[in-house]
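Overview (structure and organization)
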Amino acid sequence: MADYDNVRIKKLVLKGEKPKKSKKRKKEKEHNDDDVPKRSKTVVDEDAIQHGGWWTATAATNIVGAVAIEFGDRCYLKALDNGLFTLGAPHNQGDGPDPEEIFTAFPINDRKVSFKSGYGKYVKIEKDGMVTGRSEAVGSMEQWEPVFEGKKMALLSETGHFMSIDPEDDACVALRKKVGDQEICRVRTNAARDIVVDEQPKEEKGDLGEVERNYVKKFQKFQDKKMRISKNNIKELEEAKAQGLLHETLLDRRSKMKADRYCK
């Protein structure tokens, strides 16, 4: 029978062989099979499951909204009420970060982000290399650039030093310009995949003139019920925004009006 496998004979069915189905029936079957929806494969992120559903950001565009900064295995950067940071205790498998270990990330541009702690202050690199969380607004020193190489990541400060944890006291610092084991970290997020989270503050919606008015309403004391807005040219804000210094400039413009509860 095997000798006939490669022989094409019309309408001849050899003994022991099943009758061949017509091409028409075969095409009909293929067509019907196409109509049946195929099951999509679900990709399970085991790493995210082990971290309470918080998955690892692999690009700067992933770092937006609620995030946690992980050093080592299941240890996260923790905000203290004195404006400093320390490394939190290790978590059990399957647990996510604690509330004090969750930050809100805001994109500055396509490369840099800022982090706000649960105390409402921005993460800043000080001149002595300490990392603090006491800033009311975002300037150049509150901007961080996630640097990716392979599957590893580090956070670069404005001074050119990378964020790390001091092994002596677990304080958060940025002292080295080269990445070593202590500078390797992960930024984890629990945002839905492939969805851009709009974490833009309501005060920043609108044109720059509206943004300034919104912040004046938020922070100014209206003792005489009059709103005081800087008379400086709006182009100053446009240039500041392009340089990533919008919040710092807004704070400076309000401070000159001497009616802001954060600008005295």
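For the structure itself, look to the data block above.
One structure accompanies this document, and this report is about it. Given the structure is predicted, the values throughout are model-derived calculations rather than measurements.

The next subject is the environment of Val123. Mapped onto the fold, Val123 is located in strand S7 (residues 122-125). Excluding its chain neighbours within four sequence positions, the residues that come into contact with Val123 are Phe85, Phe103, Phe115, Val131, Thr132, Gly133, Met141, Glu142, Trp144 and Met163.

The next thing to look at is the side chain of Gln143. Position of Gln143 among the secondary structure elements: in the loop between strand S8 (131-135) and strand S9 (145-149). A polar contact is formed between the side chain of Gln143 and the backbone oxygen of Gly139, at a distance of 3.4 Å.

Turning our attention to the state of the cysteines. Throughout this description, disulfide means a covalent bond between two cysteine sulfur atoms. The full count for this structure, using the stated rule, is zero disulfides. Considering cysteine sulfurs only, Cys185 is the nearest to Cys172, which forms no disulfide, with 9.1 Å between them. On the basis of relative accessibility, which here comes to 3%, the residue Cys185 falls in the buried class.

Here the structure, examined in full by the defined rule, presents two aromatic pairs. Taking 5.8 Å as the distance between ring centres and 45° as the angle between the ring planes, the aromatic pair formed by Phe85 and Phe103 counts as tilted. With a gap of 18 residues between them, Phe85 in strand S4 (residues 85-87) and Phe103 in strand S5 (residues 103-107) connect regions that are remote in the sequence. With respect to burial, Phe85 and Phe103 carry one shared label: buried. Here Phe106 and Tyr122 contribute two aromatic rings whose centre-to-centre distance is 6.3 Å and whose plane-to-plane angle is 55°, an arrangement assigned as tilted.

Packing of helix H4 (residues 235-242) against helix H5 (residues 246-255) leaves a shortest axis separation of 7 Å and a crossing angle of 145°. Of the residues in H5, those in contact with Glu236, Leu237, Ala240 and Lys241 of H4 are Leu246, Thr249, Leu250 and Arg253. The residue inventory of the contact of H4 with H5, partitioned by class, reads four nonpolar, one polar and three charged.

The next point concerns the nonpolar core. Counting 24 residues, the largest nonpolar core has Phe115, Val131 and Met163 as the members making the most contacts within it. Where this core is concerned, the elements lending two or more residues are strand S2 (65-70), strand S3 (77-79), S5, strand S6 (113-116), S7, strand S10 (152-156), strand S11 (162-165) and strand S12 (172-176). Residues Leu208, Val211, Phe219 and Leu246 belong to the second largest nonpolar core, which totals seven residues.

Now for the pairing of strand S13 (residues 186-189). Across two bridges, the pairing between strand S1 (residues 55-56) and S13 is antiparallel. From the neighbouring strand, Thr56 faces S13, where its bridge partner is Arg188.

The next thing to look at is helix H3 (residues 208-219). Here H3 spans 17 Å end to end across twelve residues, near enough to the 16 Å set by a 1.5 Å rise per residue. Considered for burial, the residues of H3 that qualify are Leu208, Gly209, Val211, Glu212, Tyr215, Val216 and Phe219. Down the axis of H3, the sector holding all buried residues measures 160°, keeping them to one side. Next to the buried residues of H3 lie H4 and H5. Sitting at the head of H3, Asp207 places a side-chain oxygen 3.1 Å from the backbone nitrogen of Gly209.

We now examine the pattern of salt bridges. Under the defined criterion, the tally for this structure stands at nine salt bridges. Between Arg176 and Glu183 there is a salt bridge, with the nearest N and O atoms lying 3.2 Å from each other. One salt-bridge network, held together by shared partners, links Asp47, Glu70, Arg186 and Arg188.

As a further point, take unusual backbone geometry. Unlike most non-glycine residues, Arg74 shows phi in positive territory, near 60°. Among the secondary structure elements, Arg74 is positioned in the loop between S2 and S3. One non-glycine residue, Asp170, lies in the positive phi region at around 65°. Within the fold, Asp170 resides in the loop between S11 and S12.

Now for the environment of Pro201. In this structure, Pro201 sits in the loop between S13 and H3. Look at Pro201 and you get partly exposed, because its relative accessible area is 21%. Excluding anything up to four places from it in sequence, Pro201 contacts Phe106 and Tyr215.

As for its position among the elements, Leu84 is in the loop between S3 and S4. Counting along the chain gives 48 residues from Leu84 to Thr132, while the straight-line C-alpha distance between them is 4.9 Å. Once residues lying within four places of it in the same chain are set aside, the contact partners of Leu84 are Lys78, Ala79, Met130, Val131, Thr132 and Arg134.

Rules used throughout
Residues numbered from 1 in each chain as written. Predicted model: local features only at pLDDT ≥ 70, side-chain atom pairs only at ≥ 80, totals over all residues. Heavy atoms only, no water. Helix = DSSP H or I, 4+ residues; strand = E, 2+ residues; numbered from the N terminus. Contact = heavy atoms within 4.5 Å. Polar contact = N/O pair within 3.5 Å; in protein donor to acceptor, adjacent residues only side chain to side chain. Disulfide = S-S within 2.5 Å. Buried < 20%, exposed > 50% of the residue type's maximum accessible area, 1.4 Å probe, protein only. Phe/Tyr/Trp six-rings, centres within 6.5 Å; stacked < 30°, edge-to-face > 60°. Axes fitted to C-alpha atoms, helices over the stretch in contact; angles between N-to-C directions. Nonpolar A, V, L, I, M, F, W, Y, C, P; charged D, E, K, R; others polar. Core = buried A, V, L, I, M, F, W, Y, C linked by side-chain atoms within 4.5 Å. Pairing = 2+ DSSP bridges. Expected span 1.5 Å × (residues − 1). Arc of directions from axis to C-beta. Salt bridge = Lys/Arg side-chain N within 4 Å of Asp/Glu carboxyl O.

Taken by themselves, the reported measurements are silent on function.
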